[in-house]
Amino acid sequence: MLQSGRKETVLDLAKFVDKGVQVKLTGGGQVTGTLKVYDQLLNLVLDGAVESVRDHDDPLKTSDQTRVLGLIVCRGTAVMLVSPTDGTEEIANPFVQPEAV
Amino acid sequence: MASNNPSQLLPSELIDRCIGSKIRVIMKGDKELVGVLKGFDVYVNMVLEDVTEYEITAEGSRVTKLDQILLNGNNIAILVPGGAPEDVE
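Residues numbered from 1 in each chain as written. Chains lettered and ligands numbered in written order. Predicted model: local features only at pLDDT ≥ 70, side-chain atom pairs only at ≥ 80, totals over all residues. Heavy atoms only, no water.

## Considerations on the overall build of chain B
Rule in force here: Put simply, DSSP marks the helices as runs of H or I at least four residues long and the strands as runs of E at least two long, and each gets a number from the N terminus on. Throughout, exposure labels follow a simple rule: accessible area from a 1.4 Å probe, protein chains only, divided by the maximum for the residue type, with under 20% read as buried, over 50% as exposed, and the rest as partly exposed. The criterion used for residue contact is that any of the two residues' heavy atoms lie within 4.5 Å. We get accessible surface area from the Shrake-Rupley algorithm with a probe of 1.4 Å; when it comes to residues, only the shown protein chains can shield them.
Counting its secondary structure elements, chain B contains one helix and five strands. Going residue by residue from the N terminus, the α and β elements of chain B occur as α-β-β-β-β-β. Each of the 89 residues in chain B was classed as buried or not, and the buried ones make up 37%. Within chain B, counting contacts between residues at least 6 apart in sequence, those at least 24 apart form 43% of the total. Working note: accessible area of chain B is about 4,900 Å², and carbon and sulfur atoms make up 49% of it.

## Details of the state of the cysteines
Going by this rule: Pairs of cysteine sulfur atoms within 2.5 Å are identified as disulfides in what follows.
This structure, assessed with the given rule, holds zero disulfides over all chains. Considering cysteine sulfurs only, A:Cys74 is the nearest to B:Cys18, which forms no disulfide, with 14 Å between them. The class of B:Cys18 is buried, set by a relative accessible area of 6%.

## Side note on the confidence of the model for chain A
Which entries qualify depends on this criterion: The pLDDT value tells you how sure the predictor is about a given residue, anywhere from 0 up to 100.
Considering every residue of chain A, the mean pLDDT works out to 84; 82% of them sit at 70 or more. At the level of individual helices and strands, chain A shows its lowest average pLDDT in strand 4 (residues 62–74) of chain A, which scores 85, and its highest in strand 1 (residues 20–25) of chain A, which scores 94.

## Description of the interface of chain B and chain A
For clarity, the threshold we go by: Here the buried area means the combined drop in accessible surface, using a 1.4 Å probe, for two parts upon being joined, counting both sides. The salt bridge criterion pairs a side-chain nitrogen of Lys or Arg with a carboxyl oxygen of Asp or Glu, the two atoms within 4 Å. Polar contacts, as counted here, are pairs of nitrogen or oxygen atoms within 3.5 Å of one another; within protein the pair requires one atom able to donate a hydrogen and one able to accept it, and residues that are adjacent in sequence qualify only if both atoms are side-chain atoms. Under the grouping applied here, Gly and all other residues not named as nonpolar or charged are polar, the nonpolar ones being Ala, Val, Leu, Ile, Met, Phe, Trp, Tyr, Cys and Pro and the charged ones Asp, Glu, Lys and Arg.
Each side of the interface is counted separately: chain B has 26 residues, and chain A has 26 residues. The contact between chain B and chain A buries some 2,100 Å² in all, and 61% of this surface belongs to carbon and sulfur atoms. Between chain B and chain A we count one salt bridge in total. At the surface where chain B touches chain A, the tally comes to four residue pairs in polar contact (both at pLDDT 80 or more). Counting only elements with at least two residues in the side of chain B that touches chain A, the list comes to helix 1 (11–17), strand 1 (22–27) and strand 5 (76–81) of chain B. Among the residues forming the side of chain B that touches chain A, the class breakdown is 18 nonpolar, two polar and six charged.

## Structural notes on the environment of A:Asp86
All names here are of chain A. Turning to its location among the elements, Asp-86 is positioned in the segment after strand 5 (79–84). On the accessibility criterion, Asp-86 (70% relative accessible area) is exposed. When the C-alpha atoms of Asp-86 and Leu-35 are compared, they prove to be 13 Å apart, with 51 residues separating the residues in sequence.

## Overview of the pattern of salt bridges
One pass over the full model with this rule turns up eight salt bridges over all chains. In this structure, the salt-bridge partner of A:Arg67 is B:Glu32, at a minimum N-O distance of 2.4 Å. Taken as a pair, A:Arg67 in strand 4 and B:Glu32 in strand 2 (residues 31–40) lie in two separate chains rather than in one. Judged on exposure class, the residue A:Arg67 and its partner B:Glu32 are both buried. With a shortest N-O distance of 3.0 Å, B:Arg24 and B:Glu32 are connected by a salt bridge. Salt bridges sharing partners connect three or more residues here, namely A:Glu51, A:Arg67, B:Arg24 and B:Glu32.

## Some thoughts on the environment of A:Thr66
In this fold, A:Thr66 is placed in strand 4. A sequence separation of 14 residues divides A:Thr66 from A:Ser52, and the C-alpha atoms of the two residues are 4.6 Å apart.

## Points about empty space enclosed by the protein
Picture a little ball the size of a water molecule; that probe, rolled over the atoms, points out where space is still empty. All names here are of chain A. Filter applied, for reference: Method remark: on a 1 Å grid restricted to protein atoms, a set of points is classed as a cavity if a 1.4 Å probe fits but cannot get out and as a pocket if it is open with protein on both sides within 12 Å along at least five of seven lines; lining residues have an atom within 4 Å of a point. Grid points are joined across faces, edges and corners, and a volume is the space filled by probe spheres set on the points.
What the rule picks out here adds up to one cavity of 30 Å³ or more. In this structure, the largest cavity occupies an estimated 30 Å³ of space. Lining of the largest cavity is provided by Thr-9, Leu-11, Asp-12, Leu-13, Tyr-38, Asp-39, Gln-40 and Leu-42.

This is the structure:
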């Protein structure tokens, strides 16, 4: 039970160290990389980071373009989501409506 | 850097090692800045020098700013040591 007075995170990132993670950021950006270091504020150090570039015309869509960033620091204030890449796969869009409505 | 124990190398220490060299700051929106890092504070507000500003939406229109700027850490998302502004695929 997380009832201690200490500020603990619900997810201990220690088990993700040296593993691939996907990080989604407020503002819509998305980065995948190997988690090397983290702190209590959720600042992250990712190695071999690849940024998914969003569609120029529609910021809500991610295009297939990627950008290799390398060793980066992700600001904890911008981190919205951290998930492991292992066990994650891309599927066909289940929300796409048929063309003829 | 690989020789250090990862549990002791905080992200803020990695930023600290960039002081004096080029760094690329990616904001939460579609803006990036590349410049020489002079310093930062606990909120990661940053002082940058010889800064080039990039807008990602308009295919990278550049605004070059000289001297020193104080960059508000509120909207900083990613820091890339080394700059490398021409890596857009």
